[in-house]
Amino acid sequence: MAIAYPRLIGSQKSATETGMILSPSSLSRSPRILTQDELKKIAAYKAVEYVESDMVIGLGTGSTAKHAVDRIGELLRQGKLKNIVGIPTSKVTYDQAKSLGIPLSDLDSHPVLDLAIDGADEVDPYLNLVKGRGGSLLREKMVEGACKKFVVIVDESKLVNNLGGSGLAMPVEVVPFCCKFTAQRLQMLFEEAGCVAKLRTCENGEPFVTDNMNYIVELFFKREIGDLKAASDAILRLPGVVEHGMFLDMATTLIIAGECGVIVKDKEDSGSHRR
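Residues numbered from 1 in each chain as written. Predicted model: local features only at pLDDT ≥ 70, side-chain atom pairs only at ≥ 80, totals over all residues. Heavy atoms only, no water.

*Asks:* What am I meant to see in the overall build of the chain here?
*Replies:* When you go through the chain residue by residue, the secondary structure sums to 6 helices and 14 strands. By residue count, 51% of the 275 residues in the chain fall in the buried class. Restricting to contacts in the chain with at least 6 residues of sequence separation, those with at least 24 account for 75%. Carbon and sulfur atoms form 52% of the exposed surface of the chain, whose accessible area is close to 13300 Å². (Helix = DSSP H or I, 4+ residues; strand = E, 2+ residues; numbered from the N terminus. Buried < 20%, exposed > 50% of the residue type's maximum accessible area, 1.4 Å probe, protein only. Contact = heavy atoms within 4.5 Å. Areas by Shrake-Rupley, 256 points an atom, 1.4 Å probe, with all protein chains shown as cover.)

*Asks:* What am I meant to see in the layout of surface pockets here?
*Replies:* If a probe the size of a water molecule is rolled over the atoms, the empty space left behind becomes visible. Here the second largest pocket is characterised by a volume of approximately 260 Å³. Looking at the second largest pocket, it is lined by 21 residues, and the ones nearest its centre are Thr61, Gly62, Ser63, Ala120 and Asp121. Among the elements of the structure, helix 2 (63-77), strand 4 (115-119) and strand 7 (150-155) are those that each provide at least two residues to the lining of the second largest pocket. Residue composition of the lining of the second largest pocket, grouped by class: 4 nonpolar, 9 polar and 8 charged. (1 Å grid on protein atoms, 1.4 Å probe; cavity = no way out; pocket = protein on both sides within 12 Å on 5 of 7 lines; lining within 4 Å. Points joined across faces, edges and corners; volume = space filled by probe spheres on them. Nonpolar A, V, L, I, M, F, W, Y, C, P; charged D, E, K, R; others polar.)

*Asks:* For this particular structure, what's the right way to read the packing of aromatic side chains?
*Replies:* Within this structure, the stated rule accounts for 1 aromatic pair. Ring centres 5.5 Å apart and planes at 90° place the aromatic pair Phe190 and Phe221 in the edge-to-face group. A residue pair is termed long-range when its members are at least 10 positions apart, and Phe190 in the loop between helix 5 (179-189) and strand 9 (196-199) and Phe221 in the loop between strand 10 (215-220) and helix 6 (228-237) qualify at 31 residues. Comparing Phe190 with Phe221, the two get one shared label, buried. Over the aromatic face of Phe247 sits the side chain of Lys141, whose NZ or CZ is 4.8 Å from the ring centroid. Sitting over the face of the ring of Phe220, Lys198 holds its NZ or CZ atom 5.4 Å from the ring centroid. (Phe/Tyr/Trp six-rings, centres within 6.5 Å; stacked < 30°, edge-to-face > 60°. Lys NZ or Arg CZ within 6 Å of the ring centre and 35° of its normal.)

*Asks:* Before we go on, may I ask you to explain the pattern of salt bridges in this structure?
*Replies:* A pair can form between side chains of opposite charge whenever their charged atoms are brought close. As enumerated under the stated definition, the model contains 12 salt bridges in all. For Lys141, the salt bridge goes to Glu243, with nearest N and O atoms at 3.1 Å. Within this pair, whereas Lys141 is found in helix 4 (residues 137-144), its partner Glu243 is found in strand 11 (residues 241-244), the two being separated by 102 residues in sequence. Side by side, Lys141 and Glu243 carry an identical accessibility label, which is buried. Taking the shortest distance from any N to any O, the salt bridge between Asp249 and Lys229 comes out at 3.7 Å. Remark: Lys229 occurs in helix 6 and Asp249 occurs in the loop between strand 12 (246-247) and strand 13 (253-258); sequence separation between them is 20 residues. We classify Lys229 as partly exposed; its relative accessible area is 33%. (Salt bridge = Lys/Arg side-chain N within 4 Å of Asp/Glu carboxyl O.)

*Asks:* Please explain unusual backbone geometry as it appears in this structure.
*Replies:* Note: most peptide bonds trans; most residues except glycine with negative phi. Even without being a glycine, Asn83 presents a positive backbone phi close to 55°. For Asn83, the location among the structural elements is in the loop between helix 2 and strand 3 (85-88). At Leu127, a residue that is not glycine, the phi angle is positive and equals roughly 65°. Tracing the backbone through its elements, the reader meets Leu127 in the loop between strand 5 (122-123) and strand 6 (129-130).

Shown next as C-alpha cells:
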C-alpha cells in the first residue's frame, strides 16, 4: 500500500451508506477489518450507480470488474436496468456477462460507448493507470478508449505515487515472433530506471497467451519511469510491440474503497499527468 499517496478530494461515503457490508446490528459490535475482496465489491457497486438504462457499457476484466458485471446482471434481472448493451474486454468477461443474461455486442456495432467500468493495477495521483496484469490490456484499452466516461474502481492498495512504483509488473503485449528479442529491447529502453523484462509464463513454463494469441512481457522498475508520454511513445515505436499497460489520461472518475469508506475523485480534481 502506498501510504504516501495524497489525501483525495472528492465525495466520500461510508461503507454502510453503500448498502454493502454492515448491518444495523453490527454497529454495536467492534468493526471488523474488511477483506480486500469486500473493498473491491464496495467500489464496484458504487461504480454501477453510474449505469442507466439504454446505455452501451464497456465491461472490464479482473477481480474488481467482475463484481460490477455481477451487479449489472442483478439489476437487469430485477428490472431496475433495461436495454443495456455490454461490450466485454475479454473472453472471460464475455462468458460471465453472457451467463448473467447481459446483451452483448462489439465496437464494430457500437463505436462510441456511454460508460466503461474497470479495475486497475496501479493508480497515480493524476489518474494515470497501470492495467492488464490479467492479460487483457489490448481489448481493455480499445474499449475504454472509445467511451465517453471511464470509471475506474480500486481498493486503496492500488494507489501509488508513480506508475511502476508498486514494484509489480507493467505488462506489454507483444507478438510471439522473436519475443525474447523484443523483451531485451524493452529492457534496454528503460535501463536508467533499472528495468528488468520477463516473459510471462504459465505454471507449466509455457508462455502466457492473450485472447489475441500474443504474449506478455512484464516490465519491473527499480526507479521512476520519468515522462510517461515519452515512455509510452518509445514502447509503441518498437517493432513487435502490440500495446502496453499504461492508460494515460483515460480515466474520468476514480472510486476508491478503503476501511474508512468510499472516495470518489473526478479527473478535473487531479490535474494533468506527471511529466
